[in-house]
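Examining the three-dimensional arrangement
Given next are the chains, with one letter for each unit.
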Amino acid sequence: MRGFLLLIGAALAALLLSCSDSAGPGGVPDTSLHIVQQDTLASPLDSTVARFWAKVGEGREVRINYQPPSGEDFLRFEVPGDGLLRKPDGSAFQPGDSILITVTVVDPARFEFRFEPAGLQFSPDHPARLKLYYYNANHDFDDDGVVDSTDTAIEHTLDLWRQEAPGTPWFRIASVKFEELDEVDANILSFTEYALAW
Ligand SMILES: [Ca+2]
């Protein structure tokens, strides 16, 4: 039992260590952000646009996968049944309301996404959840032709970033990274552009 508790404690400590810092006051210019690239050998995505109806009272999810044979996950976006807060016009959601959500992969060669409609807000207590899987990413993150300890160090700094409008600075948002799974999870409160980057 004691060994089990120690194990849990170690796991929690590792999880906390992997939690990113919150966004600093200054953003990073478009030209300085390094957005993670797909591996050139990865299967194409099964879609670059995914739409679904989020509905009050029903938890719903959309996924974008790689095409067969891998068929692996690329992106999952979940909206809990109590996650919808305000419509783009600012009005509150009512029981039974639904809204069409669109997730667009801006460039299929990169981990960059646009979520619509802009202005939609999720509950801070029950936010939407984005999960990205980068096992099919090019792990030569600095693109120097070799995967080495420098790339491992870069992987430790990977985070989710958001950009309010094209050409404006990017800001880091809080996320949790599971490097063993090549997965990054983040709570989403509103829609804009998001990217997995360093
Ligand atoms: Ca490298």
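1. Details of the overall build of the protein
Tallying secondary structure elements over the protein gives two helices and 13 strands in all. Looking at the 198 residues of the protein, the share that counts as buried comes to 38%. Nonlocal contacts in the protein, meaning residues at least 24 apart in sequence, comprise 66% of its contacts between residues at least 6 apart. Summed over its atoms, the accessible surface of the protein is roughly 10,400 Å², and 56% of this surface lies on carbon and sulfur atoms.

2. Details of the coordination of the calcium ion
The calcium ion binds to the protein through Asp140 (OD), Asp142 (OD), Asp144 (OD), Val146 (O), Asp151 (OD) and Asp151 (OD); the donor distances cover 2.2 to 2.6 Å. Written as a sequence motif, the donor arrangement for the calcium ion is D-x1-D-x1-D-x1-V-x4-D.

3. A word on helix H2 (residues 149-157)
Of all the residues in H2, the buried ones are Asp151, Ile154 and Glu155. Projected down its long axis, H2 shows its buried positions confined to an angular sector of 105 degrees, all on one face. Of the surrounding secondary structure, the elements contacted by the buried residues of H2 are strand E11 (176-178).

4. Remarks on the sheet that holds strand E10 (residues 170-173)
The sheet built from six strands is open, its strands ordered E1-E5-E6-E13-E9-E10 with antiparallel pairing. One side of each edge strand has no neighbouring strand; the edge strands of this open sheet are strand E1 (49-55) and E10. Looking at each pair of strands side by side, their axes are set apart by 25 degrees on average, direction ignored.

5. Here we look at the sheet that holds strand E2 (residues 60-65)
Pairing is antiparallel across the open sheet formed by five strands, whose spatial order is E2-E3-E8-E12-E11. Two strands close off the open sheet at either side, each with one partner strand: E2 and E11. Averaged over all pairs of adjacent strands, the angle between strand axes in this sheet comes to 15 degrees, irrespective of strand direction.

6. Structural notes on the confidence of the model for the protein
On average, residues of the protein carry a pLDDT of 90, and 87% of them reach 70 or more. Confidence drops under a pLDDT of 50 for residues 12-24, and excluding neighbours within four residues, the segment shows 14 contacts in the predicted structure.

7. A look at the layout of surface pockets
Space inside the second largest pocket adds up to approximately 160 Å³. Looking at the lining of the second largest pocket residue by residue, the class counts come to five nonpolar, three polar and three charged.

8. Brief notes about the pairing of strand E3 (residues 73-79)
Of all the seven residues making up E3, six are buried; the element is thus mostly covered by neighbouring parts of the structure. Bridge analysis of E2 against E3 gives six bridges, and the strand direction is antiparallel. Looking at E3, one finds that Glu61 is bridged to Glu78. Strand direction decides the pairing type here: E3 and strand E8 (residues 128-133), joined by four bridges, are antiparallel. Among the inter-strand pairings, Phe77 is bridged to a residue of E8, identified as Leu130.

9. Things to note about the nonpolar core
The biggest cluster of nonpolar side chains holds 40 residues, and the ones touching the most others in it are Phe77 and Ile101. Elements supplying a minimum of two residues to this core: E1, E2, E3, strand E5 (98-105), strand E6 (112-116), E8, strand E12 (183-188) and strand E13 (193-197). In this view, Ile101 contacts Ala50, Arg51, Phe52, Ala54, Phe77, Val79, Glu116, Pro117, Leu120, Phe122 and Phe191; residues no more than four positions away in its chain are not counted. Grouped together as the second largest cluster of nonpolar side chains are six residues, Trp161, Trp170, Ala195 and Ala197 included.

Rules used in this analysis
- Residues numbered from 1 in each chain as written.
- Predicted model: local features only at pLDDT ≥ 70, side-chain atom pairs only at ≥ 80, totals over all residues.
- Heavy atoms only, no water.
- Helix = DSSP H or I, 4+ residues; strand = E, 2+ residues; numbered from the N terminus.
- Buried < 20%, exposed > 50% of the residue type's maximum accessible area, 1.4 Å probe, protein only.
- Contact = heavy atoms within 4.5 Å.
- Areas by Shrake-Rupley, 256 points an atom, 1.4 Å probe, with all protein chains shown as cover.
- Donors = N, O, S within 2.8 Å, 3.2 Å for Na, K, Ca; no water.
- Arc of directions from axis to C-beta.
- Pairing = 2+ DSSP bridges.
- Axes fitted to C-alpha atoms, helices over the stretch in contact; angles between N-to-C directions.
- pLDDT = per-residue confidence, 0-100.
- 1 Å grid on protein atoms, 1.4 Å probe; cavity = no way out; pocket = protein on both sides within 12 Å on 5 of 7 lines; lining within 4 Å.
- Points joined across faces, edges and corners; volume = space filled by probe spheres on them.
- Nonpolar A, V, L, I, M, F, W, Y, C, P; charged D, E, K, R; others polar.
- Core = buried A, V, L, I, M, F, W, Y, C linked by side-chain atoms within 4.5 Å.

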